[in-house]
Structure formats: structure tokens, C-alpha cells
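# Report on the structure
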Amino acid sequence: QVQLVEFGGGLVQAGGRLRLSCAASGSIFGINAMGWYRQAPGKQRELVATITSGDTTNYADSVKGRFTISWGNAKNTVNLQMNSLKPEDTAVYYCNTVARTYYSGGYSSEYWGQGTQVTVSS
């Protein structure tokens, strides 16, 4: 199984910055991609940013130019640098990975962290 642990949520004023980190562990054979999703009250969970093992990145239009996703020291850790934060960014942020385990028979599965709260005040 794969476990994801998130760090870095908190309260920040509009215009400020925050850095989220996520570490994957468990019986991981290979990670295809990692990313961040968020869910605000009353809204569906949405993609924020993803990064593949080949370093291809993808961002939601709403965060382009403000957020940056990157790998950590090893490619089982992903970071999300959030700059110029807006109240609309307030949500629970969930770490996500698509990975293969030693027991998955070559198939990839999706795993989620517990979520970390990001609150941007006016």
C-alpha cells in the first residue's frame, strides 16, 4: 500500500505565500506522477497542479503564474509553492499520486493523502 503525508497548511493573508510538501511511502515500485488537488466548501475537488516522473507539469488556469509544483530531493516527495495567495485559494488541499506497488502486477493506482487546510484571509 501507499501512504501520503502532507505538510505546510495554515493561515496566511491575501498576497502572502505558503509551501506545501507531500511525501509518499510504502511498497512503491514506481511513481508515475504526483500532484495536488483542492476542495473548497460546497465545491467539487479540483486539480491544482501535477508533475510526472518525466517532469512534465500541469496547472489549473486559476493558479498559473502563482503556484509552482516541483519534486523534492527524491521523486517520492512533491512540493507546491503558492505565491500571491487569494481568498479563493482557501480549501483543503489533498496530495495525490499515481503509482505502482510491488504487488500491483504492473497496474497503476491512485492514492490520496488526508488533506491539509489552507486558509487565505482578506
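Check the entry above for the structure.
Predicted model, so just to flag it, every value in this text is computed and none were measured.

## Considering the sheet that holds strand β1 (residues 2-7)
Sheet architecture is open: four strands sit in the order β1-β3-β8-β7, paired in antiparallel fashion. The open sheet is flanked by β1 and β7 (67-71), the only strands paired with a single partner. Direction aside, the axes of adjacent strands within the sheet are offset by 15° on average. As paired strands, β7 and strand β8 (residues 77-82) are joined by five bridges and run antiparallel to one another.

## Overview of the pattern of salt bridges
Considering all chains together, one arrives at five salt bridges under this definition. We note a salt bridge from E46 to R38, for which the minimum N-O separation is 2.8 Å. According to the relative accessible area criterion, R38 is buried, its value standing at 6%. Among the salt bridges present, the one from K64 reaches D61, with a minimum N-O distance of 3.1 Å. Where salt bridges share partners, they join R38, E46, R66 and D89 into one cluster.

The rules we used
- Residue numbers run consecutively from 1 along every chain, following the written order of its sequence.
- pLDDT decides what is reported in this predicted model: residues at 70 or higher carry local features, side-chain atom pairs at 80 or more are listed and counted, and totals for whole chains, interfaces and linings draw on all residues regardless.
- Values reported for side chains reflect all heavy atoms of the structure, with hydrogen atoms and water molecules removed beforehand.
- One bridge is not enough; two strands pair if DSSP finds at least two bridges between them.
- Secondary structure counts use DSSP, requiring at least four H or I residues in a row for a helix and at least two E residues in a row for a strand, with both numbered from the N terminus.
- Angles shown run from 0 to 180 degrees and are taken between the N-to-C directions of axes, each axis being a line fitted to C-alpha atoms and, for helices, limited to the stretch in contact.
- Salt bridge, as applied in this entry: a Lys or Arg side-chain nitrogen positioned within 4 Å of an Asp or Glu carboxyl oxygen.
- A 1.4 Å probe rolled over the protein chains alone gives each residue an accessible area, and that area as a share of the maximum for its type sets the label: buried under 20%, exposed over 50%, partly exposed in between.

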